[in-house]
Amino acid sequence: MAGIGFELKRILKKDSLLSLVKVYGESAILSAGPWVISIIAIFLVGFVNIVNLESFSEVARFQIVITYAIALASSLIITGIIQLPFTRYIADLIFEKKEEEIVPSYFGAIFISWLLGLPLIIPAVLWVFKGQSPFFLISVIATFLILCGVWISSILAASIKLYKRVVSAYFISYALIVVFSYLYGKNVESLLFIFLTGNATLFTILMTIIIKSYNSTLFMKVNFFFKPNFYWSLGIAGLAYNLGSWVDKFIFWYHPLTGTEVIGKLHASIVYDIPIFLAYLSILPGMAVFFYRLEVNFSEKYDLYYDAVRNGGTLGLIQRYKNDMIRTVRHAIHEIIMIQGIIDIFLFLTVPTLFKMLNIPHLYLGLLYILTIGAMLQLAFMSILAILYYLDRRAIAMWLSIAFFVLNTVLTLASIYVGPTMFGYGYTVSLLIVFIASLIVIRNELDGLDYETFMLQ
């Protein structure tokens, strides 16, 4: 994402408070990821339609179908297998100056995601939504397919210099979804169709940006999915991380003590859903800092180090650049924890009043506090994973992601059986463990970087 890094540095050169706000604002929008933007829009859809529909249950059914169970969770998990290997393959193509293969590979990635997803989503939808109308069933399946395309388009489109158009596309598409849902969202079927149409518009815009950015003579290639181009370690790492991020939600939805049926066989958790949503929103400032430090500071030091290695730089120069990388990593992690810690303290002090104003039961408070700490740890863990991917430490990142998934599964189940006072501790403790482990790993990897670079090639 060098294009973004250059653009952020150009804005910051203006050396004004406004440019600083603009840099971190744009970093927040880009780093928040499509899933956060989507969830915010879906909650807005629910908010503006409560009065319109005069039935909270219809809104809740729509939100459950889209936000958690079918669209976001399943499409993110399925494409999680592809996203990292596809990103690595595109980076290799750019490095080898084979940019004419990017667009065919992009369509190949979408085709593979649909090929993997359809055999799972069709029987799942027919089983979960038994008795629903054919229009509803087709809309759910189509939404899943479109979102798979949106996620893959986003990771590629966000890496090009026209990133402002990507951000604008998200804003316009989801603004249209909110407005049209208020005007025409009469029931769950119409809300679902409006959401599908809005995301189809977003998918079309992102696809157009990508096609216009790279020349190509072929329509589609699926080479990246086969040896030696497909890195299974990256695919497993992406799948395990996404499963780890969602498994605690699934457990709370379907455990008889914490979940309730909403539509078909889909469940929600009135205890867990609102606190975890607010916890994720709280990490947006930290994500902006992480994005800026990674794309501007770390990537610059990384390029200097490996350019010196490839071009025969002196040992002193190589070690100086390595030490710069280590300082950048330490500074980034320290800054993320410090800023996010301040945000969390402010949240802890103000949220009781906010809950009272919004008539949200105070029983969520304790769970919100512990989940907010967990979300901060997940951000820090994600930051170290990103650095490991930069350093091409695929296997280590894969095992850390698997550990996150296993620990979150076991500890979340254990926390439910212990009792309500331990709700949320499974998620947070699992992240504390993998975060400490990842700190040890990244320290050892950076200490041994020279040896790994020169002796194991």
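Everything numeric in this text was worked out from a predicted model, so none of it was measured.

## Comments concerning the overall build of the protein chain
- Counting its secondary structure elements, the protein chain contains 16 helices and two strands.
- The burial tally for the protein chain puts 53% of its 457 residues in the buried class.

## Description of helix α11 (residues 284–310)
- Taking 1.5 Å per residue as the helical rise, α11 with its 27 residues ought to reach 39 Å, and the 37 Å between its terminal C-alpha atoms agrees with that figure.
- Along α11, the helix axis deviates most sharply at Leu294, where the bend reaches about 35°.
- In terms of residue burial, α11 counts as a mostly covered element, since 19 of its 27 residues are buried.
- Among the residues trailing α11, Gly312 stands out with phi positive, at a value near 75°.

## Observations concerning the packing of helix α6 (residues 134–157) against helix α8 (residues 188–213)
- Interaxial distance between α6 and α8 falls to 9 Å at its minimum, and their mutual angle equals 30°. Comparing their axes, α8 and α6 come out roughly parallel. Crossing of α6 against α8: the hand is left-handed.
- Of the residues assigned to the contact of α6 with α8, the class counts are 19 nonpolar, six polar and one charged.

## Digging into empty space enclosed by the protein
- Taken as a whole and assessed by the stated rule, the structure comprises one cavity of 30 Å³ or more.
- By volume, the largest cavity is sized at about 70 Å³.
- In terms of lining, the largest cavity is formed by Phe290, Arg293, Leu294, Phe298, Thr328, Val329, Ala332, Ile333, Ile336, Ser383 and Ile387.
- Among the secondary structure elements, those contributing two or more residues to the lining of the largest cavity are α11, α12 (315–358) and α13 (365–390).
- Looking at which element gives the most residues to the lining of the largest cavity, the answer is α12, with five residues.
- Classifying every residue of the lining of the largest cavity by side-chain character gives eight nonpolar, two polar and one charged.

## Digging into the packing of aromatic side chains
- What the rule picks out here adds up to 23 aromatic pairs.
- Centre to centre, the rings of Phe252 and Phe423 are 5.3 Å apart; their planes meet at 90°, and the pair counts as edge-to-face. Separated by 171 residues along the polypeptide, Phe252 in helix α9 (residues 232–254) and Phe423 in the loop between α14 (394–418) and α15 (425–447) bring together distant segments of the chain.
- Between the aromatic rings of Phe298 and Tyr302, the centroid separation amounts to 6.3 Å while the plane-to-plane angle is 35°, which identifies the pairing as tilted.

## Some points on the environment of Phe423
- By relative accessible area, Phe423 is classed as buried at 10%.
- Placed 11 residues apart in sequence, Phe423 and Thr412 show a C-alpha to C-alpha distance of 7.6 Å.
- The residues contacting Phe423, other than those within four sequence positions of it, are Phe252, Thr258, Val271, Leu367, Ile370, Ser415 and Ile416.

## Brief notes about unusual backbone geometry
- The phi dihedral of Lys97 falls on the positive side, at around 60°, and the residue is not glycine.
- Following the sequence through the fold, Lys97 ends up in the loop between α4 (72–95) and α5 (102–128).
- Taking the relative accessible area as the measure of exposure, Lys97 reaches 72% and is therefore exposed.
- Of note in this structure, Asp392 is not a glycine but carries a positive phi near 65°.

## A few points about the confidence of the model for the protein chain
- Averaged over every residue, the pLDDT of the protein chain is 81; residues scoring 70 or more account for 83%.
- When mean pLDDT is taken per element in the protein chain, α14 scores highest with 94 and helix α1 (residues 2–12) scores lowest with 57.

## Considerations on the pairing of strand β1 (residues 260–263)
- As paired elements, β1 and strand β2 (residues 266–268) share three bridges and run antiparallel to each other. Across the sheet, the residue bridging to Thr260 is Ala268, located in β2.
- Taking the residues between adjacent antiparallel strands as the criterion, β1 and β2 are bridged by two residues, where Gly264 takes a positive phi near 55°.

## Looking at the side chain of Ser415
- Residue position: Ser415 is located in helix α14.
- Exposure remark for Ser415: the relative accessible area of 5% places this residue in the buried category.
- Once residues lying within four places of it in the same chain are set aside, the contact partners of Ser415 are Met422, Phe423 and Gly426.

## A short note on the nonpolar core
- Counting residues in each nonpolar core, the largest one holds 62 residues, and the members touching the most others are Val65, Phe86, Tyr106, Phe129, Phe136, Tyr170 and Phe224.
- Breaking this core down by element, the ones donating at least two residues are α3 (56–69), α4, α5, α6, α7 (163–184), α8, α9 and β2.
- Among the elements that line this core, the one with the most residues is α6, at 14 residues.
- Beyond its immediate chain neighbours, meaning those up to four positions away, Phe224 contacts Ile82, Phe86, Tyr89, Ser105, Gly108, Ala109, Ile112, Asn229 and Phe230.
- Leu385, Ala386, Tyr427 and Leu449 belong to the second-largest nonpolar core, a separate cluster that totals 52 residues.

## Comments concerning α6
- The terminal C-alpha atoms of α6 lie 34 Å apart, and with 24 residues this matches the ideal 34 Å at 1.5 Å per residue to within 8%.
- Of all 24 residues that make up α6, 19 are buried, and the element is covered over most of its length.

## As for the side chain of Ser113
- With respect to the helices, strands and loops of the structure, Ser113 is situated in helix α5.
- Ignoring sequence-local partners within four residues, the contact set of Ser113 consists of Ile78, Thr79, Ile82, Cys148 and Ile152.

## Description of the pattern of salt bridges
- This structure, assessed with the given rule, holds 10 salt bridges.
- Across the salt bridge formed by Asp248 and Lys249, the nearest N and O atoms sit 3.4 Å from each other.
- The buried category is assigned to Asp248, whose relative accessible area is 0%.
- For Lys249, a relative accessible area of 3% translates into the label buried.
- Note that Arg394 is salt-bridged to Asp392, the shortest N-O span being 2.7 Å.
- Look at Asp392 and you get partly exposed, because its relative accessible area is 32%.
- One network of salt bridges, in which partners are shared, links Arg88, Asp92, Asp392 and Arg394.

Scoring rules and cut-offs
Residues numbered from 1 in each chain as written. Predicted model: local features only at pLDDT ≥ 70, side-chain atom pairs only at ≥ 80, totals over all residues. Heavy atoms only, no water. Helix = DSSP H or I, 4+ residues; strand = E, 2+ residues; numbered from the N terminus. Buried < 20%, exposed > 50% of the residue type's maximum accessible area, 1.4 Å probe, protein only. Expected span 1.5 Å × (residues − 1). Bend = angle between axes of the 7 residues up to and from the residue. Axes fitted to C-alpha atoms, helices over the stretch in contact; angles between N-to-C directions. Parallel < 35°, antiparallel > 145°, perpendicular 65-115°, else oblique. Left-handed = near helix turned anticlockwise from the far one by under 90°. Nonpolar A, V, L, I, M, F, W, Y, C, P; charged D, E, K, R; others polar. 1 Å grid on protein atoms, 1.4 Å probe; cavity = no way out; pocket = protein on both sides within 12 Å on 5 of 7 lines; lining within 4 Å. Points joined across faces, edges and corners; volume = space filled by probe spheres on them. Phe/Tyr/Trp six-rings, centres within 6.5 Å; stacked < 30°, edge-to-face > 60°. Contact = heavy atoms within 4.5 Å. pLDDT = per-residue confidence, 0-100. Pairing = 2+ DSSP bridges. Core = buried A, V, L, I, M, F, W, Y, C linked by side-chain atoms within 4.5 Å. Salt bridge = Lys/Arg side-chain N within 4 Å of Asp/Glu carboxyl O.

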